[in-house]
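# Structural features, examined
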Amino acid sequence: MPKQIPSVTISRLVGYLRVLTNLEQSGVDYVTSEELGAASHVSAHQVRKDLVHAEASGTRGRGYTVAILRRELNALLGLTRDWNVAIVGMGRLGQALVDYPYFQNYNFRLCCGFDTDAQKVGKEFGELPVYHMSELEQRVKERRLDIAFLTVPVAAAQPAAETLVEAGIRGILNFTPTVLKVPGGVRVESIDFVAGLKRLAYYLHPRD
Ligand code: NAD
């Protein structure tokens, strides 16, 4: 099995990919590690070290070919295949995510939603069908679901995560403030607005 790349490196690689996508859209053909580093707030040395994971090679002076590096990073990050996504919890946040189509540009296909509320089950939000949680296992297989956005109330977060894992979901994007316990082989990425606010408070707070 190939060596696992550290999580902080993955975050930087995702950042480089964002910069490369913008460069390509602006018609830029080449980028140096200095330029990529400046746009990503890391050193050129760090960029070169990170890009070894993508087996990327640049030319002295001219740097990396933007289109090739973008392709290599996409391949490394697993973004050359489609990922089927479900939203679990079709409340305010779940519905807002249906209206945010941009992640679909990156091979993430929003397939369906799940809820326990009879008012929502059987309805469509946008064009997204909503199923009852009791159908999860069947629908995961049928629709080949890989990833779930978890947008249920706090009290339901851990039990819902366990149901997801039992149904075969291996990736959870957790929007709840709950620290989820999941078995090995399942990956949780948490989106924590309040943690971001607390970090802002630290930087804005006057101190001697
Ligand atoms: P909400 O109450 O509007 O929606 C929650 C939905 O989950 C409801 O439709 C409910 O029927 C459903 N649900 C409840 N138990 C379930 C279960 N076991 N399985 C499947 N569905 C279930 O809540 P919200 O405001 O959308 O917030 C959802 C989560 O996201 C919360 O944990 C909240 O802390 C977090 N969050 C919300 C916001 C926001 O702006 N609304 C922002 C950051 C984080």
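So, a few notes on the structure that sits alongside this text. Predicted, not measured: the structure shown is a model, and the values here were computed from it.

Inspection of the secondary structure assignment puts E166 in helix α7 (residues 154-167). Residue E166 is classed as exposed on the basis of its relative accessible area, which comes to 65%. Counting along the chain gives 29 residues from E166 to E137, while the straight-line C-alpha distance between them is 7.7 Å.

In the region of the ligand, 19 residues are neighbours, and R92, L93, D115, K120 and V152 sit closest. One of the backbone N or O atoms of G91 is found 3.3 Å from an oxygen atom in the ligand. D115 is positioned such that a nitrogen or oxygen atom in its side chain is 2.5 Å from an oxygen atom of the ligand. Contact with the protein chains removes 71% of the 830 Å² of surface that the ligand exposes when unbound. Only α5 (92-98) and α7 provide two or more residues apiece to the shell around the ligand. Per-class residue counts for the shell around the ligand are 10 nonpolar, 5 polar and 4 charged.

Moving on to the packing of aromatic side chains. For the coordinates displayed, the defined rule picks out 3 aromatic pairs. Seen in terms of ring centroids, F114 and Y131 are 5.9 Å apart; in terms of plane orientation they differ by 55°. Their pairing is tilted. With F114 in strand β4 (residues 108-115) and Y131 in strand β6 (residues 128-132), this residue pair connects regions lying 17 residues apart in the sequence. Just as F114 is buried, Y131 falls in that class too. An angle of 70° between the planes, with centres 5.9 Å apart, marks the rings of F149 and F175 as edge-to-face. Of this pair, F149 sits in strand β7 (residues 147-150) while F175 is found in the loop between β8 (171-174) and β9 (187-190), placing the two residues 26 residues apart along the sequence. We note that F149, like F175, is buried. The ring of W83 has R81 lying over it, and the distance from NZ or CZ to the ring centre is 3.6 Å. Geometry around Y131 places R139 over its ring, the cationic atom sitting 3.7 Å from the centre.

On to the pattern of salt bridges. Proximity of charged atoms lets side chains of opposite charge pair with each other. In the structure shown here, the tally under the stated rule is 10 salt bridges. Here D50 ties to R12 by a salt bridge, and the two come within 2.7 Å at their closest N and O atoms. Pair noted here: D50 is in helix α3 (residues 44-51) and R12 is in helix α1 (residues 7-25), with a separation of 38 residues, a long-range link. Residue D50 is classed as buried on the basis of its relative accessible area of 3%. A salt bridge links R109 to D82; the nearest nitrogen and oxygen atoms lie 3.6 Å apart. One end of the pair, R109, is in strand β4; the other, D82, is in the loop between α4 (66-77) and β3 (83-88), and 27 residues separate them in sequence.

In β7, alternate side chains face the same way, and those of I147 and F149 on one face and A148 and L150 on the other are all buried. Note: β3 against β7, 4 bridges, orientation parallel. Among the inter-strand pairings, V88 is bridged to a residue of β7, identified as L150. The sheet contact formed by β7 and β8 spans 4 bridges and is parallel.

The next point concerns helix α2 (residues 33-40). Those residues of α2 that fall on the buried side of the exposure criterion are S33, L36 and G37. Here the buried residues of α2 occupy an arc of 100° about the axis, which is enough to place them on one side. Its buried side turned inward, α2 meets α1, β1 (30-31), α3, β2 (64-65) and α4. Trailing α2 by a residue or two, H41 shows a phi angle of about 60°, which is positive.

What counts, and where the lines are drawn
Residues numbered from 1 in each chain as written. Predicted model: local features only at pLDDT ≥ 70, side-chain atom pairs only at ≥ 80, totals over all residues. Heavy atoms only, no water. Helix = DSSP H or I, 4+ residues; strand = E, 2+ residues; numbered from the N terminus. Buried < 20%, exposed > 50% of the residue type's maximum accessible area, 1.4 Å probe, protein only. Near = heavy atom within 4 Å. Polar contact = N/O pair within 3.5 Å; in protein donor to acceptor, adjacent residues only side chain to side chain. Areas by Shrake-Rupley, 256 points an atom, 1.4 Å probe, with all protein chains shown as cover. Nonpolar A, V, L, I, M, F, W, Y, C, P; charged D, E, K, R; others polar. Phe/Tyr/Trp six-rings, centres within 6.5 Å; stacked < 30°, edge-to-face > 60°. Lys NZ or Arg CZ within 6 Å of the ring centre and 35° of its normal. Salt bridge = Lys/Arg side-chain N within 4 Å of Asp/Glu carboxyl O. Pairing = 2+ DSSP bridges. Arc of directions from axis to C-beta. Contact = heavy atoms within 4.5 Å.

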